[in-house]
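The residues making up each chain are set out below.
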Amino acid sequence: MAKSKKNTPALGADYSNKMRSRYAEKVKPSGKIYTKSDRRENRVKGDMKEDSKENKFEEARYQGGCLCGAVKFEIYGLMRQIINCHCGQCRRTHGHYAAYSSVEKSKFKFIRDTGLKWFRSSDKAKRGFCQECGASLFYERIGEKNISIAAGMLDSTAGLKTISHIFMNDKPDYYLIEDELPKYKQYHDNGL
Ligand SMILES: [Zn+2]
C-alpha cells in the first residue's frame, strides 16, 4: 500500500517564508552595514516591540500546559500534525496510546517549568512530566532539534489533526483502531 508522505504536511509553509522576508528587510543587498538613518528609514511601526522581544515575530500560535499549571508553554512556529503512538513506552507513560504533535525547540518556550521533570526513558529519548500533577507532556529524542508535545496538553488544537498511527506492532488487543489513517509497524518519518 502506497500510503505515505503526502499525509505528513507541515502546517502553513507560508509562515516561515514570511519570517524569512522579515529578516531579509534588515539585510542590505549590497552587504553594507546599515547606518543610523538607514535604520530609521527601515523602521516599521511596532519595530521597537519586536526588537525588545528577541526573535518573537508573532503572537504565540499555540499555548498549553499540564493539569495543575506548574508547566506552561507557548509555541511560535509550525506544529507537525498529530501522530498516535502505540508503543509500550508511550502506553506506560500516558496510560493508553499517545497522541503527539511536534515543533522545533527554537519555536518553543516555557512560560512556567517549576513542575517539569525529565525522565530518561531510554538511551535514545527522554520524557517530560509534571512532578506536581503527574501529567505526561513531552517526548524528546536526544540530540534532535524537535520536541514532541502530547496533543492533549494544548489549549487549542486549531489546524491540527491526526494523520497516522505508529508502532502498530506493539499495540495491545484491548482497543480497536477503526479509522482509515496510515498505520505503520514502527517509526515513520522519524515518528513522534
Ligand atoms: Zn502539573
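**As for the sheet that holds strand E9 (residues 146–150)**
Ordered by their spatial adjacency, seven strands build an open sheet running E6-E7-E8-E9-E4-E3-E10, and the pairing between neighbours is mixed. Each of the sheet's edge strands pairs with one partner strand only, and the pair in question is strand E6 (116–119) and strand E10 (162–166). The sheet shows a mean angle of 30° between the axes of neighbouring strands, taken without regard to direction. For E6 and strand E7 (residues 125–130), the ladder comprises four bridges, and the chain directions are antiparallel. Each bridged residue has a counterpart across the sheet, and for Leu116 the counterpart in E7 is Cys130.

**Side note on the confidence of the model for the protein**
For the protein, per-residue confidence averages 79 on the pLDDT scale, and 68% of positions sit at 70 or higher. A low-confidence stretch, residues 1–35 stays under pLDDT 50, and its non-local contacts, those more than four residues away or across chains, total 23 contacts. Every residue in residues 37–56 scores below 50 in pLDDT, and together they form five contacts with partners more than four places removed in sequence or on other chains.

**Remarks on the sheet that holds strand E1 (residues 62–65)**
Ordered in space as E1-E2-E5, the three strands form an open sheet in which the pairing is antiparallel. With partners counted over all chains shown, the strands left at the sheet margins are E1 and strand E5 (108–112), one partner each. Averaged over all neighbouring strand pairs, the angle between strand axes comes to 25°, with direction disregarded. Sheet topology places strand E2 (residues 72–75) next to E5; four bridges connect them, and they run antiparallel. Bridge pairing in E5 links Phe73 to Phe110.

**Topic: the nonpolar core**
In terms of nonpolar packing, the biggest core is built from 29 residues, with Cys85, Tyr100, Leu137, Ile149 and Ala150 touching the most fellow members. Going through the elements one at a time, E2, strand E3 (82–85), strand E4 (98–104), E7, strand E8 (136–141) and E9 are the ones with two or more residues in this core. Excluding residues that lie within four positions of it along the chain, Tyr100 makes contacts with Ile82, Ile83, Cys85, Tyr139, Ser148, Ile149, Ala150, Ala151 and Leu192.

**A few points about unusual backbone geometry**
Most peptide bonds are trans, and most residues other than glycine sit at a negative phi. A positive phi angle, near 55°, is found at Phe167, a position not held by glycine. Since 25 C-beta atoms lie within 10 Å of it, Phe167 is described here as buried.

**Considerations on the pairing of E2**
Of the two faces of E2, only the one carrying Phe73 and Ile75 is buried; Lys72 and Glu74 on the other face are not. Examined bridge by bridge, E1 and E2 share four bridges and lie antiparallel to one another. Looking at the pairing, Gln63 lines up with Glu74 of E2. Adjacent in sequence and paired antiparallel, E1 and E2 are bridged by six residues, among which Gly69 carries a positive phi angle near 95°.

What counts as what
- Residues numbered from 1 in each chain as written.
- Predicted model: local features only at pLDDT ≥ 70, side-chain atom pairs only at ≥ 80, totals over all residues.
- Pairing = 2+ DSSP bridges.
- Helix = DSSP H or I, 4+ residues; strand = E, 2+ residues; numbered from the N terminus.
- Axes fitted to C-alpha atoms, helices over the stretch in contact; angles between N-to-C directions.
- pLDDT = per-residue confidence, 0-100.
- Contact = placed C-beta atoms within 7 Å.
- Core = buried A, V, L, I, M, F, W, Y, C linked by C-beta atoms within 7 Å.
- Buried ≥ 20, exposed ≤ 12 C-beta atoms within 10 Å, placed from the backbone.

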